[in-house]
Amino acid sequence: MPGLLFHDLRRSAVRNMKRAGIQDVEAMRISGHRTRSIFDRYNIVDEADLRLAAENLSNTRSAESRSAARSW
């Protein structure tokens, strides 16, 4: 694709791995990043990612509360 750089593909790969739930250490090994600081440059987080994270946290907390209530 014209104008597309290797680093564009690498950034997309890191973002896709993070969205798939792959742990940072594993994603770093796959992408070849040796340092956390460089990996973080490729790990782009946008508003949709933050909303999804907040929703996932809320759902997890709700499920834990329901589970705790059942165990009493």
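Residues numbered from 1 in each chain as written. Predicted model: local features only at pLDDT ≥ 70, side-chain atom pairs only at ≥ 80, totals over all residues. Heavy atoms only, no water.

Right, let's talk about the overall build of the protein chain for a bit. Secondary structure summary: the protein chain contains four helices and zero strands in total. The order of helices and strands in the protein chain, counted from the N terminus, is α-α-α-α. Projected onto its principal axes, the C-alpha positions of the protein chain cover 60 × 25 × 20 Å. Buried residues in the protein chain amount to 17% of all 72 residues. Taking all contacts inside the protein chain whose residues are at least 6 apart in sequence as the whole, residues at least 24 apart take part in 41%. When the accessible area of the protein chain is evaluated, it comes to approximately 6,000 Å², of which 56% is carbon and sulfur surface. (Helix = DSSP H or I, 4+ residues; strand = E, 2+ residues; numbered from the N terminus. Buried < 20%, exposed > 50% of the residue type's maximum accessible area, 1.4 Å probe, protein only. Contact = heavy atoms within 4.5 Å. Areas by Shrake-Rupley, 256 points an atom, 1.4 Å probe, with all protein chains shown as cover.)

With the rule as written, the count across this model stands at eight salt bridges. Ionic pairing is found between D46 and R19, a salt bridge with its closest N-O pair at 3.6 Å. You can see D46 sitting in the loop between α3 (36-42) and α4 (47-71) and its partner R19 sitting in helix α1 (residues 6-19), a full 27 residues away along the chain. Among the salt bridges present, the one from D40 reaches R36, with a minimum N-O distance of 3.0 Å. In this pair, D40 and R36 both sit in helix α3, four residues apart, roughly one turn of the helix. Taken together, the shared-partner salt bridges connect R15, R19, D46 and D49 into one network. (Salt bridge = Lys/Arg side-chain N within 4 Å of Asp/Glu carboxyl O.)

Any link to function would need more than the numbers given here.
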